[in-house]
Structure formats: C-alpha cells, structure tokens
Amino acid sequence: AQSVTQPDIHITVSEGASLELRCNYSYGATPYLFWYVQSPGQGLQLLLKYFSGDTLVQGIKGFEAEFKRSQSSFNLRKPSVHWSDAAEYFCAVGVSDYKLSFGAGTTVTVRA
Amino acid sequence: EPEVTQTPSHQVTQMGQEVILRCVPISNHLYFYWYRQILGQKVEFLVSFYNNEISEKSEIFDDQFSVERPDGSNFTLKIRSTKLEDSAMYFCASSEEGFVNTNTIYFGEGSWLTVV
C-alpha cells in the first residue's frame, strides 16, 4: 500500500540554523507528495506539494522540498529557522483521487 | 484567507453517547473530508463526500459513523455510540474539487473528542 515514513519523531534546532526533515515514500507510480505543518492550536496548513516536473519545489514560509525518485524521498528543508517554525510537520502522499496518507509526523523544537 | 472552521474545539462525552462534530467548509468548495488523529498516531483518512454522497471511505468508517451536509454551509460527522477508542482529534477538510494531484485540501483546526 502507498505510504510515507518520517524517520525522525523529534528534531531540535537552534534559531537561525538550517532544518531538514526526512520523508520516504512507498508508491509504485509517480507519487503526489505533500508537506503540511501544524502549529499549536492550528489546523494542518499546506507548505508545498509535488506532482511532476521540477524536482525542487518551493513552498510557503521559506520552505522547499526535493523529490528524489532514486531515493524514494521528499525531504523538506529550510535554510534558516525562526522560532515560529516550531510545529509538527507531516509528509503525505495522495493514494487516490480524494485521499491522503500521512506520515507519523516530526515535531520540531526551536531553541534560542 | 478563507478557512475551514470546526466546532466544538473540544468535547468530552460518555461512552455510548452520540456525538456530532460540525464543520463549515470554505464556501466555494465542493469536496469535503474527515480525518482523525488518535494521540501519538498518524492522521488517518475517514471519508470524503461530494454531491451529497460519500465518494470514498476507509475501513475505519463503519456503521457507527455518518456524515451529512444538512444545509448549504455545514458538514457534520456523527458518531452514534462512542467508544473509548474514538477519542481523537477529528479534522474536517475541504477542496474546490477532488483529485489531490491538482487541488489543495484545506484543513480545519480540529475537534478534540475525549470519550470517558
């Protein structure tokens, strides 16, 4: 079955440092991949998505992700994190016309 | 930016009671969804709804669950007889059209359901 795996449960990063969150997918065809963020007390907000074409995808809030078919990965990156980036991040894959399958999430803590 | 709103934000209910979770999707959206997240687990798809019909549902969405669009703005999830294992955050979502590859799914803030 199509799925995504987020190997890191929790990451702590210093403010101003770079951030990379890992996501590996299992899918036979070209996957539709997404990154969502959930800040405390907020809903799930779409950061970026990949369907086809350019493998480096730009999103909101300064995030980008790179699709690597050879590694079955779709890692999320930000060059310099801000305290407001502390949140839970979810990778997801589209598994049907209407349905997303989510990873377990990675919690990001930003220290001053 | 338009948003999906959910009520209540938190509800505590006795086991066996009926619960209705309410959602107001984004006004021009036609596809509606419920997902849930049990504490410490993944966000899971429950159901998608279009044109007053369920378009897809998961194995979790058994006979104790139902969805309804009672009027032009609300979308509800009913759990008929709650169980302890129904305790979770329930997310409502909507999209302009189906097809996740071309349409963004917008999520609400979630409704925490605690069954005691």
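In what follows, the structure referred to is the one given above.
In this report, the structure presented in the accompanying data block is examined.

About the cut-offs
- Residues numbered from 1 in each chain as written.
- Chains lettered and ligands numbered in written order.
- Predicted model: local features only at pLDDT ≥ 70, side-chain atom pairs only at ≥ 80, totals over all residues.
- Heavy atoms only, no water.
- Helix = DSSP H or I, 4+ residues; strand = E, 2+ residues; numbered from the N terminus.
- Rg over C-alpha atoms; globule rule 2.2 N^0.38 Å.
- Buried < 20%, exposed > 50% of the residue type's maximum accessible area, 1.4 Å probe, protein only.
- Contact = heavy atoms within 4.5 Å.
- Areas by Shrake-Rupley, 256 points an atom, 1.4 Å probe, with all protein chains shown as cover.
- Lys, Arg positive; Asp, Glu negative; His and termini not counted.
- Charge placed at Lys NZ, Arg CZ, Asp CG, Glu CD.
- Buried area = accessible area lost by both parts, 1.4 Å probe.
- Salt bridge = Lys/Arg side-chain N within 4 Å of Asp/Glu carboxyl O.
- Polar contact = N/O pair within 3.5 Å; in protein donor to acceptor, adjacent residues only side chain to side chain.
- Nonpolar A, V, L, I, M, F, W, Y, C, P; charged D, E, K, R; others polar.

1. Digging into the overall build of chain A
No. 1: In terms of helices and strands, chain A carries zero helices and twelve strands.
No. 2: Taken from N to C terminus, the helices and strands of chain A fall in the order β-β-β-β-β-β-β-β-β-β-β-β.
No. 3: The C-alpha radius of gyration of chain A comes to 13 Å, within 12% of the 13 Å expected for a compact globule of 112 residues.
No. 4: Seen along its three principal axes, the alpha-carbon backbone of chain A occupies a region of about 40 × 25 × 20 Å.
No. 5: Across the 112 residues in chain A, those meeting the buried criterion constitute 47%.
No. 6: Looking at chain A alone, contacts between residues at least 24 apart form 53% of all its contacts between residues at least 6 apart.
No. 7: Carbon and sulfur atoms provide 48% of the accessible area of chain A, an area that totals close to 5100 Å².
No. 8: Of note, chain A has its 9 positive side-chain charges centred 2 Å away from the centre of its 9 negative side-chain charges.

2. A few points about the interface of chain B and chain A
No. 1: Taken together, the contact pairs 22 residues of chain B with 22 residues of chain A.
No. 2: Buried surface at the junction of chain B and chain A, both sides included, amounts to about 2000 Å², of which 57% is carbon and sulfur.
No. 3: Between the two partners, chain B and chain A, sit zero salt bridges.
No. 4: Here chain B is connected to chain A by five residue pairs in polar contact (both at pLDDT 80 or more).
No. 5: Broken down by secondary-structure element, the contributors of at least two residues to the side of chain B that touches chain A are strand 4 (31–37), strand 5 (43–50) and strand 6 (53–57) of chain B.
No. 6: It is strand 4 of chain B that contributes the most residues to the side of chain B that touches chain A, four residues altogether.
No. 7: Here the side of chain B that touches chain A is built from residues that sort into ten nonpolar, nine polar and three charged.

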